[in-house]
Amino acid sequence: GAVVSQHPSWVICKSGTSVKIECRSLDFQATTMFWYRQFPKQSLMLMATSNEGSKATYEQGVEKDKFLINHASLTLSTLTVTSAHPEDSSFYICSAKVTGGQKNYGYTFGSGTRLTVV
Amino acid sequence: AQSVTQLDSHVSVSEGTPVLLRCNYSSSYSPSLFWYVQHPNKGLQLLLKYTSAATLVKGINGFEAEFKKSETSFHLTKPSAHMSDAAEYFCVVTFYNQGGKLIFGQGTELSVKP
């Protein structure tokens, strides 16, 4: 089945530094990637939608200069948390839409990244 | 407005007894509906999906769900709970006019007692 590999699975960084999270589609081409944020005991909140080769579309309230998304190829999308602060500590998950021609096979999720900013 | 509501934030059952996790959606459009399971600090795993084919959908690990348009519901059931079923469950919906965006329910935490 379609697999999205997300790295790192966890990261601890100092306040003010930047952290990059990668999501790779291993056996399919991900033209659309979604980035979510999840706080403890809460649901997933969509941060942005990225399409290969174009600028990401951010949800209301998400700072695009803080959460940089790059989707330069059909198999790789990255989320960079710039100048991280403790309030950015969260669980970040990517998801890709799996399509084949005109058919939509659904969505597959990465395993998530636990970010802790100290 | 389009939305999805999981009616229970927490459900507790005994091992071997049935599981019912409730989900309702609100929209005038035809939805695609999914149930995902999430174990602690893990990503989401698809249990099953409804995309306008059969209304009774069978998924992995013995789970199934029935799409009832008249009730705008998509409840998840399993005849007999196993300890390994303890996890967070999300009902998720998308609509053709949403550009592929998923709308997540609030989640239901399932506890299974021995």
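Scroll up to find the structure.
Residues numbered from 1 in each chain as written. Chains lettered and ligands numbered in written order. Predicted model: local features only at pLDDT ≥ 70, side-chain atom pairs only at ≥ 80, totals over all residues. Heavy atoms only, no water.

### Digging into the nonpolar core
Put simply, the rule reads: Nonpolar cores are built from buried Ala, Val, Leu, Ile, Met, Phe, Trp, Tyr and Cys residues. Side-chain atoms within 4.5 Å join them into one set. Relative accessibility under 20% of the residue-type maximum defines a buried residue, over 50% an exposed one, and the middle range a partly exposed one, all with a 1.4 Å probe and only protein chains included. We count a stretch as a helix when DSSP gives it H or I for four or more residues in a row; a strand needs E for two or more, and each element gets its number in order from the N terminus. Any two residues having at least one pair of non-hydrogen atoms within 4.5 Å are treated as being in contact.
W35, L48, F74, L76 and Y89 of chain B are the most contacted members of the largest nonpolar core, which totals 28 residues. Among the elements that line this core, the one with the most residues is strand 10 (residues 87-95) of chain B, at 5 residues. Contacts of L48 of chain B, omitting those with residues within four sequence positions, involve L33, F34, W35, V57, K58, G59, F63, E64, A65, F74 and L76 of chain B. Ranked by size, the runner-up nonpolar core spans 24 residues in total, among them V11, A48, F67 and V117 of chain A.

### A few points about the interface of chain B and chain A
Which entries qualify depends on this criterion: The term buried area denotes the loss of accessible surface (1.4 Å probe radius) that occurs when two parts are joined, taken as the sum for both partners. Throughout this description, the term salt bridge denotes a Lys or Arg side-chain nitrogen within 4 Å of a carboxyl oxygen of Asp or Glu. Polar contact criterion, stated in full: a pair of N or O atoms within 3.5 Å, where within protein one must be able to donate a hydrogen and the other to accept it, and residues adjacent in sequence count only if both atoms are side-chain atoms.
On the side of chain A, 20 residues touch chain B, which itself brings 18 residues to the contact. Contact between chain B and chain A buries roughly 1,400 Å² in total, counting both sides, with carbon and sulfur atoms accounting for 53%. Linking chain B with chain A are 1 salt bridge. Two residues, E109 of chain B and K41 of chain A, come together in a salt bridge whose shortest N-O distance is 3.8 Å. Connecting chain B to chain A are 5 residue pairs in polar contact (both at pLDDT 80 or more).

### Concerning the sheet that holds strand 3 (residues 19-25) of chain A
Residue and element names in this part refer to chain A. Definition in use: For two strands to pair, DSSP has to find at least two bridges joining them. Axis lines are fitted through C-alpha atoms, for helices just across the contact stretch, and the angle between N-to-C directions can take any value from 0 to 180 degrees.
Pairing in this open sheet of 4 strands is antiparallel, and the strands run 1-3-8-7 from one edge to the other. Lying at the two open borders of the sheet, with one neighbouring strand each, are strand 1 (4-7) and strand 7 (67-73). Between one strand axis and the next, the sheet turns through 15° on average, direction left out of account. The sheet contact formed by strand 1 and strand 3 spans 4 bridges and is antiparallel. Counterpart to Q6 in the pairing with strand 3 is C23.

### Structural notes on the pairing of strand 5 (residues 31-38) of chain B
Residue and element names in this part refer to chain B. Extensive coverage of strand 5 is indicated by the burial of 7 of its 8 residues. Bridge analysis of strand 5 against strand 10 gives 8 bridges, and the strand direction is antiparallel. Looking at the pairing, Q38 lines up with E88 of strand 10. Where strand 5 folds back on strand 6 (residues 44-50), the antiparallel hairpin that results is connected by 5 residues, among which N41 adopts a positive phi of roughly 55°.

From the geometry alone we can't say anything about function, so treat these as descriptive.
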